[in-house]
Amino acid sequence: MTASLTTSALASTHRSRHASGFWFVAVAFLSLMAFGTVPTPLWPLYQARDHFGPTAVTVAFAVMVLGAALGFGLLGHLSDRFGRRRIIVPALLVGIASAAVLAAWPDLPGLIVGRIITGVSVGLMASTASAYLSDLYQVARPERAGSHVPSLVASVANLGGLAFGPLVSGALAQWAPAPLTTSYLVFAGILAVLLVLLLATPETVDTALRAGDRPTRFALRPGHARVFAAAAGLGFFAFALMGLFSSLGAVMVRGRLGITSTFVVGLAPFTAFAASAAAQLALGALAQRRQLVLGTAAFPVGLVLTALAIHRPTLGFFLFAVAVAGAGAGLVFKAAVAQTAAAAAPASRAGVLAVFFVIAYLGMGLPSVAFSLVIRHAALVPTLIGFAAVLSAGTVLAVVTSLRGGAATR
């Protein structure tokens, strides 16, 4: 009897540690993603100080994508082999280092170097955290096998973090001293606290495998290549929309609406990402097919409304348009992440997610750079409408491919 009670208590403690670790990882994921968008409302301040145009702003934003691609592509799969915690802890350390660079070296070269390092930390975190959350939840809640909670929390932490970054940095830049350094120091402190908490989080990967048992870096379930290709396309187009608001949203608000408050400037990207996370929370229980249909419908509508809001500048209408577009992108992105996880071989989830995020983050950077180059020679509104048409067509094609492949039936 005593032995049975002891075993039950140990099992309960084991599950409790994994449950606590689940939320530590979720908050760390959210915080590091938020750090990735900290400079968003600060771009006009850098622009005014250093006298560079929208293209330079976009390039400074997009170099994070280069770092993220390196993190995802070269290192993101390593947690399948060496353990989740052994990758997430360095991700936080790299994030703290990038915050130090951005705070101590506020000139454009330092901004670019710091953003590349930020991208590496984001790349390490995003692919690993998604798999880590799933592992921890399975141990903490074994009776809920197949639950969508881990993927929902991962998506909300990802996009919710991207939302809170510009809101927090915009507020600090508006009301705290040293607007180009304070936000980085605040996030460095937050990441340091989370680093300590994650050191107490249980590992979920058996790192004592023989060489022949080590997982393949990228392995899909048989017959799921088309599912993954469609999901990667969805991730690319959803993040392309988010990249537009992250890189040029602040410039649009300041330049077209004439608003100089960094807090208000940060509302545009915050609204897009927050609406994305809110849509996932509100409609996450719907079948993936319905999520894709609703997201694909809201996606172009929001972009067209954004163009109209830029043509007749009104802050309230602009934020409403951004929210509609962001909600559509969020639903599309959530379905894409779920499909990617379902397409991955169980032992290669982090590696497959890493490839997915490489493609998604390329979507966040490359189209925005192209957009900034085009508007140097063409009017903003027609360019935005053309951008909306291309992204919408690509999203519809990816959704049709997904539905025909039978991936979105749940």
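Just so you know, these numbers come straight off a predicted model, no measurement behind them.

Tell me about the pattern of salt bridges, and please be specific about residues and values.
Counted according to the given criterion, the structure contains 2 salt bridges. A salt bridge links Arg49 to Asp107; the nearest nitrogen and oxygen atoms lie 3.9 Å apart. One end of the pair, Arg49, is in helix α2 (residues 43-50); the other, Asp107, is in the loop between α5 (85-104) and α6 (108-140), and 58 residues separate them in sequence. Between Arg84 and Asp135 there is a salt bridge, with its nearest N and O atoms 2.8 Å apart.

Talk me through the packing of aromatic side chains; I want residue IDs and the actual numbers.
Summed over the entire model, instances satisfying the criterion amount to 14 aromatic pairs. Geometrically, the ring pair formed by Trp43 and Tyr46 is tilted, given 6.1 Å between the ring centres and 45° between the ring planes. Here the residue Trp43 and the residue Tyr46 both occupy positions in helix α2, the gap between them amounting to 3 residues, near one helical turn. Looking at Trp43, the relative accessible area reads 1%, which means it is buried. Look at Tyr46 and you get buried, because its relative accessible area is 0%. Here the aromatic rings of Phe371 and Phe387 are separated by 5.2 Å at their centres, their planes lie at 70°, and the arrangement is edge-to-face. Of the two residues, Phe371 is situated in helix α14 (residues 349-374) and Phe387 in helix α15 (residues 380-404); the sequence distance between them amounts to 16 residues. Both residues of the pair, Phe371 and Phe387, count as buried. Connected via pairs of aromatic rings, a cluster forms that spans Phe239, Phe333, Phe356, Phe357 and Tyr361.

How would you explain the confidence of the model for the protein if you had to name every residue and give the values?
Interpretation of this model should avoid reading the predicted coordinates in detail wherever pLDDT is low. Considering every residue of the protein, the mean pLDDT works out to 83; 91% of them sit at 70 or more. Taken element by element, the protein is modelled with least confidence in helix α3 (residues 54-75), mean pLDDT 76, and with most confidence in helix α8 (residues 182-199), mean pLDDT 96.

Give me unusual backbone geometry: which residues, what numbers.
Here the phi dihedral of Ala178 falls at roughly 50°; this positive angle occurs in a residue that is not glycine. Residue position: Ala178 is located in the loop between α7 (149-175) and α8. Using a relative accessible area of 41% as the deciding quantity, one classes Ala178 as partly exposed.

Summarise the packing of helix α11 (residues 267-283) against helix α13 (residues 315-343); cite the residues concerned and give the values.
One way to put it is that α11 packs onto α13 with a least axis distance of 7 Å and a crossing angle of 45°. In terms of their interaxial angle, α11 and α13 are classed as oblique. Where α11 crosses over α13, the handedness of that crossing is right-handed. Here α11 contributes Leu267, Ala268, Thr271, Ala272, Ala275, Ser276, Ala279, Gln280 and Leu283 to the contact with α13, which in turn contributes Phe318, Leu319, Val322, Ala323, Gly326, Ala327, Ala329, Gly330, Leu331, Phe333 and Lys334. Residues that form the contact of α11 with α13 fall into these classes: 14 nonpolar, 5 polar and 1 charged.

Describe the packing of α6 against α7, and please don't skip the residues or the numbers.
Between α6 and α7, whose axes approach to 9 Å, the crossing angle comes to 145°. Helix-helix and strand crossings are classified by hand; for α6 and α7 the assignment is right-handed. Residues Ser130, Leu133, Ser134 and Tyr137 of α6 lie in contact with α7, whose contacting residues are Val149, Pro150, Val153 and Ala154.

A description of the side chain of Ser130 should follow, citing residues and the corresponding values.
The topology assignment puts Ser130 in helix α6. Residue classification places Ser130 among the buried residues on the basis of a relative accessible area of 10%. In terms of polar contacts, Ser130 uses its side chain to reach the backbone carbonyl oxygen of Ala126, at 3.0 Å. Contacts of Ser130, omitting those with residues within four sequence positions, involve Phe29, Ala154, Leu353 and Phe357.

I'd like a rundown of a nonpolar patch on the surface, residues and numbers included.
On the surface, Leu66, Leu70, Leu74 and Leu75 cluster together into a nonpolar patch covering about 350 Å² of accessible area. Summarising the element assignment, Leu66 is placed in helix α3. On the accessibility criterion, Leu66 (47% relative accessible area) is partly exposed.

Rules used in this analysis
- Residues numbered from 1 in each chain as written.
- Predicted model: local features only at pLDDT ≥ 70, side-chain atom pairs only at ≥ 80, totals over all residues.
- Heavy atoms only, no water.
- Salt bridge = Lys/Arg side-chain N within 4 Å of Asp/Glu carboxyl O.
- Helix = DSSP H or I, 4+ residues; strand = E, 2+ residues; numbered from the N terminus.
- Phe/Tyr/Trp six-rings, centres within 6.5 Å; stacked < 30°, edge-to-face > 60°.
- Buried < 20%, exposed > 50% of the residue type's maximum accessible area, 1.4 Å probe, protein only.
- pLDDT = per-residue confidence, 0-100.
- Axes fitted to C-alpha atoms, helices over the stretch in contact; angles between N-to-C directions.
- Parallel < 35°, antiparallel > 145°, perpendicular 65-115°, else oblique.
- Left-handed = near helix turned anticlockwise from the far one by under 90°.
- Contact = heavy atoms within 4.5 Å.
- Nonpolar A, V, L, I, M, F, W, Y, C, P; charged D, E, K, R; others polar.
- Polar contact = N/O pair within 3.5 Å; in protein donor to acceptor, adjacent residues only side chain to side chain.
- Patch = residues over 30% accessible without salt bridge, like charges linked within 9 Å, V, L, I, M, F, W, Y side chains within 5 Å.
- Areas by Shrake-Rupley, 256 points an atom, 1.4 Å probe, with all protein chains shown as cover.

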